[in-house]
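# Coordinate analysis (summary)
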Amino acid sequence: IPLIFGAEFTGAVAPFWILLAASGFSLPVLIGYGALSNATSTTYISMFAAIFAAVANILFNFLLIPVFGAEGCAWATVITYFVSVTVFFILLRRSYKIPLSWTFQAMMPVLAAAAAFSLTRDAFIALLISSVIGVLIIFLHKNSLREAK
């Protein structure tokens, strides 16, 4: 970020890394759960996910922003997306018996990278941890990846 926008934006690097995790948590809703909910006319699921996410966002913004500033706001956003995807999953699983699969495990590398960068401020360590966790998840699910061919 400083390379493109200048040194005055250095403070935006840590929230950016954390918000990358939020984008990882939003993917199941954007490319699967939301579409399934709309296609099956169970839009109440989206409503409940939005309500729970809004409550979580307000709560965690009040708790984290005074202590951690912009990083706290970014972590509140990550928690909000996690709450949203969890509500979607629980209600869709209850209504349509969707399998657990490994959706939540697939989010772990990006979450680990955000946490590592937040703690160390070292992009190399964050990427290394994310890569190791990603490889471990692939190794643990290699059979289901072979079946997907």
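Residues numbered from 1 in each chain as written. Predicted model: local features only at pLDDT ≥ 70, side-chain atom pairs only at ≥ 80, totals over all residues. Heavy atoms only, no water.

## Looking at the nonpolar core
Of all hydrophobic cores here, the largest spans 22 residues; its most connected members are Tyr33, Trp75, Val78, Val85, Phe88 and Leu92. Of all the secondary-structure elements, those providing two or more residues to this core are helix H2 (13–39), helix H3 (44–68) and helix H4 (70–96). Counting residues per element, this core draws most heavily on H4, which supplies ten residues. When neighbours within four sequence positions are excluded, Phe88 is seen to be in contact with Val29, Tyr33, Gly34, Ser37, Ile45, Ser46 and Ala49. Val13, Ala14, Trp17 and Phe117 belong to the second largest nonpolar core, which has seven residues in total. (Core = buried A, V, L, I, M, F, W, Y, C linked by side-chain atoms within 4.5 Å. Buried < 20%, exposed > 50% of the residue type's maximum accessible area, 1.4 Å probe, protein only. Helix = DSSP H or I, 4+ residues; strand = E, 2+ residues; numbered from the N terminus. Contact = heavy atoms within 4.5 Å.)

## Thoughts on the packing of H2 against helix H6 (residues 108–120)
The geometry of H2 relative to H6 is characterised by a closest axis approach of 8 Å and an angle of 165° between their N-to-C directions. On the basis of the axis angle, H2 is roughly antiparallel to H6. Along this stretch, H2 crosses H6, giving a crossing that reads as left-handed. Residues Val13, Ala14, Trp17, Ile18, Leu20, Ala21, Gly24 and Phe25 of H2 pack against Val110, Leu111, Ala113, Ala114, Phe117 and Ser118 of H6. Tallied by class, residues from the contact of H2 with H6 come to twelve nonpolar, two polar and no charged. (Axes fitted to C-alpha atoms, helices over the stretch in contact; angles between N-to-C directions. Parallel < 35°, antiparallel > 145°, perpendicular 65-115°, else oblique. Left-handed = near helix turned anticlockwise from the far one by under 90°. Nonpolar A, V, L, I, M, F, W, Y, C, P; charged D, E, K, R; others polar.)

## A word on the packing of H6 against helix H7 (residues 123–140)
For the pair H6 and H7, interaxial distance at closest approach is 8 Å and the crossing angle is 155°. Classified by the angle between their axes, H6 and H7 sit roughly antiparallel to one another. In this structure, H6 crosses over H7, and the sense of that crossing is right-handed. Two secondary-structure elements touch here, H6 through Met108, Pro109, Val110, Ala112, Ala113, Ala116, Phe117 and Thr120 and H7 through Ala123, Ile125, Ala126, Ile129, Ser130, Ile133, Gly134 and Ile137. Along the lines of polarity and charge, the residues of the contact of H6 with H7 split into 13 nonpolar, three polar and no charged.

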